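Here are the chains, one letter per residue:
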Amino acid sequence: MRRISAILIVFFCFCCITAKSQIDTLRLDIAKAQLLFLKNNFNLLVSNYQIDQAKAEIITAKLFDNPQLEYENLFYNHETKKFLQTSAEFGQFAGSISQLFKLAGKRNKSIKVAEFGVKLAEAEYFDLMRTLKFELNNNFYKIYYATQTIKLFDEQIASTNQLLKAYESQYNSGNVAQKDLIRIKSLLIGLKAELVEVLNELEDNYRDLKLICGLKASTQIILVMDENQNLPINIEKFPISALLDSARANRPDLKLAKTDLQLSEANLNLQRAMAIPDIELALSYDYKGNYPEKYTGIGLKIPIPLFNRNQGEIKKAKLSIDASNLKINKQQYLLENEVMNSYKTALRNDKLLTEIDVDFNSDFNKLITALIKNFKERNISLIEFLDLYDSYKQTTLQLNKLHYEQMSSRAELNYVTGSNIFK
């Protein structure tokens, strides 16, 4: 019975470990990664709260000022030596109620400023989304092609290990020179060092990807990509004028600059209205402290704009408009330069890859397989083998880099145009 219980416990633990392993491993393509980003990214969630905070400012701006109630009572009567008397014979009290009325449309102008504040927060949100989405795409492709590079190193290290064992056996038998054995050992050390460097950089990229997608540090990610995504596309079918128009229409940072100008103009209207004084209307009652007794009165209070006519805030608002216009001009120049630069980069990357024979990679792999076979059969020297082996590695690394730069430049074109030209 105890044995059966022990077996069941072990089986249960194994199931739990297997289930946990399945939960912690996540296969991601670019579309799923973008969905996780939109759902879980902490910076986006915080920015969304900032939009709600800006909307709360509209509620505040719509509220009217509260009326003020004032009451005064006789505290101590030295004749009767009593406190807080309110009787008709010995008491005295007075009260008033007042209401502030804002003139020159201050309330409506304040609401307008708050509404532009919401638009500004929304533009900041979409600009943040655009930036983070580009970082996500860039990290995704960087990680994917880094894993392809790691596969190359793993294959080369495994084959070099086999070669080293064979050479050690031949060296012990006195059939090969020590210098050849040292060359192979040096090759193996170099491959392992390069692999560690790629792995260290890959860990940083995984960290950034997990943060952008809101994933736990323990989550194991396997990236998958449709190879049709990196097929050459005729970038020239997208005219630069159309890309510039798309950027001007869709770039959130340009909308942000324009909204900032609208906010500054609305604020100038508000500050000019603030120069006009408000009126406070009051109703008062005094039981015995005025003439006649049981006095009722109406009062009007208005400050005289003799010294302070809100000159400083009006000047600040005007300067803010000038600064906002400069920001728009700067953003337009930045937009045009970024689109032109990204367009040229994408053209160069796609052109280079179209010039490479589609069968080059498979032909090169066949060549390197034949190379290893010929070396084992001693048809070529060790120096020739190492030279061609290094050429194979460098070519494969360069191809992975080119494919990454191709996908990155497409993601950058999406980023600078504020659109989704490349899915």
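Look a little higher up for the structure.
My aim in this report is to walk through the structure given alongside it, one point at a time. What you see is a predicted model; the values in this text were computed from it and never measured. (Residues numbered from 1 in each chain as written. Predicted model: local features only at pLDDT ≥ 70, side-chain atom pairs only at ≥ 80, totals over all residues. Heavy atoms only, no water.)

1. Quick notes on helix H6 (residues 240–250)
Thinking step 1. Within the span of H6, buried status applies to Leu243, Leu244, Ser246 and Ala247. The buried side chains of H6 occupy one side of the element, clustering within an arc of 160° when seen end-on. (Buried < 20%, exposed > 50% of the residue type's maximum accessible area, 1.4 Å probe, protein only. Helix = DSSP H or I, 4+ residues; strand = E, 2+ residues; numbered from the N terminus. Arc of directions from axis to C-beta.)

2. Brief notes about the packing of aromatic side chains
Thinking step 1. Here the structure, examined in full by the defined rule, presents 10 aromatic pairs.
Thinking step 2. Seen in terms of ring centroids, Phe140 and Tyr141 are 5.7 Å apart; in terms of plane orientation they differ by 90°. Their pairing is edge-to-face.
Thinking step 3. We classify Phe140 as buried; its relative accessible area is 0%.
Thinking step 4. Judged by its relative accessible area of 4%, Tyr141 is buried.
Thinking step 5. Chaining the aromatic ring pairs together yields one cluster made of Tyr71, Phe93, Tyr285 and Tyr287.
Thinking step 6. A cation sits over an aromatic face here: Arg107 above Phe64, 4.3 Å from the ring centre.
Thinking step 7. The ring of Tyr415 has Arg130 sitting right over it, with the charged end atom 4.1 Å from the ring centre. (Phe/Tyr/Trp six-rings, centres within 6.5 Å; stacked < 30°, edge-to-face > 60°. Lys NZ or Arg CZ within 6 Å of the ring centre and 35° of its normal.)

3. A short note on the packing of helix H4 (residues 106–172) against helix H10 (residues 382–417)
Packed helices, taken two at a time, are described by their axes: the angle between them and the distance between them.
Thinking step 1. Running from N to C, H4 and H10 cross one another at 170°; their axes reach a closest spacing of 8 Å. Here H4 lies roughly antiparallel to H10, going by the angle between them.
Thinking step 2. Of the residues that constitute the contact of H4 with H10, the class distribution is 17 nonpolar, 12 polar and five charged. (Axes fitted to C-alpha atoms, helices over the stretch in contact; angles between N-to-C directions. Parallel < 35°, antiparallel > 145°, perpendicular 65-115°, else oblique. Nonpolar A, V, L, I, M, F, W, Y, C, P; charged D, E, K, R; others polar.)

4. A look at the sheet that holds strand E2 (residues 68–73)
Thinking step 1. Taken together, the four strands give an open sheet; going across it, the order is E2-E5-E7-E8, and neighbouring strands pair in antiparallel fashion. The open sheet has two edge strands with one neighbour each: E2 and strand E8 (295–301). In this sheet, neighbouring strand axes are inclined to one another by 15° on average, regardless of whether the strands run parallel or antiparallel.
Thinking step 2. Across six bridges, the pairing between E2 and strand E5 (residues 93–101) is antiparallel. Bridge assignment links Glu70 to a residue of E5, and that residue is Ser96. (Pairing = 2+ DSSP bridges.)

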